[in-house]
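Notes for the structure review
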Amino acid sequence: MTDLREQLRGLWLPLVTPFRNNELDETSLRRLVRHYAALPVDGLILAATSGEGMSLGMNELERLVAITRAEISASGRYIPICLGLSGASTHKMFDALDETAAWPIDGYLIASPYYIRPSQRGLLRHFTALADHASWPLVLYNIPYRTAVGIDNDTLLKLAEHPNIAGMKDCGANREQSIELLRRRPAGFRVLTGEDAEYHNALVDGADGAILLSAHVETEAFAAVRTMLWEGNQEGAQAQWREVAELTRLLFTEPSPSPAKHWLWSSGLIDSPEVRLPMVEVSTELAATLDREIARRAPPLLRRA
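Values in this document were obtained by computation on a predicted structure and should not be read as measured data. (Residues numbered from 1 in each chain as written. Predicted model: local features only at pLDDT ≥ 70, side-chain atom pairs only at ≥ 80, totals over all residues. Heavy atoms only, no water.)

With parallel pairing, eight strands are arranged side by side around a closed barrel as E1-E4-E5-E6-E7-E8-E9-E10. For this sheet, the mean inter-axis angle between neighbouring strands, taken without regard to orientation, is 25°. Against the sheet, helix H5 (residues 120–133) engages strand E6 (107–111), strand E7 (138–142) and strand E8 (165–170), with an angle of about 155° to E7. (Pairing = 2+ DSSP bridges. Helix = DSSP H or I, 4+ residues; strand = E, 2+ residues; numbered from the N terminus. Axes fitted to C-alpha atoms, helices over the stretch in contact; angles between N-to-C directions. Contact = heavy atoms within 4.5 Å.)

Moving on: the nonpolar core. Tyr36, Leu83, Tyr108, Ile110, Tyr199 and Phe222 are the most contacted members of the largest nonpolar core, which has 82 residues in total. If we skip the residues at most four places from it in the chain, Leu83 touches Leu46, Ala47, Leu61, Val65, Thr100, Trp103, Ile105, Gly107, Tyr108 and Leu109. (Core = buried A, V, L, I, M, F, W, Y, C linked by side-chain atoms within 4.5 Å. Buried < 20%, exposed > 50% of the residue type's maximum accessible area, 1.4 Å probe, protein only.)

Turning to the side chain of Thr248, a few remarks are in order. You can see Thr248 is positioned in helix H11 (residues 234–250). A polar contact is formed between the side chain of Thr248 and the backbone oxygen of Ala245, at a distance of 2.6 Å. Ignoring any residue separated from it by four or fewer positions in sequence, one finds Thr248 in contact with Asp196, Ala197, Ser214, Phe222 and Trp241. (Polar contact = N/O pair within 3.5 Å; in protein donor to acceptor, adjacent residues only side chain to side chain.)

Tracing the backbone through its elements, the reader meets Arg297 in helix H13 (residues 284–297). Among the polar contacts listed, one links the side chain of Arg297 to the side chain of Glu218, at a separation of 3.2 Å. A polar side-chain atom of Arg297 sits 2.5 Å from a polar atom in the side chain of Glu293. In this structure, Arg297 is in contact with Glu218, Glu243, Leu247 and Trp263, ignoring residues within four places of it in sequence.

In structure tokens, the structure reads:
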């Protein structure tokens, strides 16, 4: 295992969870992990929003982690894994942390408690209690448009001092707040954007990387944006970003991860575009649009006949 603070940078992929006939599609999962292990991906998030984690039972989560770790190990690389966990009750989250403590992961991605809308003092105590309890480091997930509560910078900065909190996924959709956090954060506290459309801007502002659903597609191009900026090639990074920026709109035209799953299915990487209710597969109109873009971009050997 590795130090998550050192690994939490670059391009992370919030891996979709493939299903078939309402079961975890282990064959497609193995194919996906092998595919991305051969690409410039710096880490994987399992069972978060893009992975439909809230639709997965604990046995499915354990199988998902075990298969992913086994395929990564077989690839000859070490790719860190964070497991997405969500819940509105601190003590129920303790149970989930205990049940997953021995799993082969490197950390957790944990969103704010949804629906309850606790105060900032409540958020501070909630995340502190989880970090104190967890066997693996935490990555905070600030996504107020899903949880109905945002983590303020003052609260984030207090949490950033906790030795078992490695960083955060920033989906606050507030660039001014993000820039202030990047300026004030303590050394070693990692900030990765989760706003696909703001990937380039976030890196320019000083973010350590990104967790991008869109990077399921054109993975190498998304990684190149990061690499060019790190190397000081701003013009090259901007040009590369223009090549993939439209994907960050297209893949969120309808609720995620349905468009991405359709793309991966049409490209031959997964055997079904199935999602679990209340998610539904993409509309006929969007499917046609996606297929046209796939035909323009996808390597011929991957396209589904």
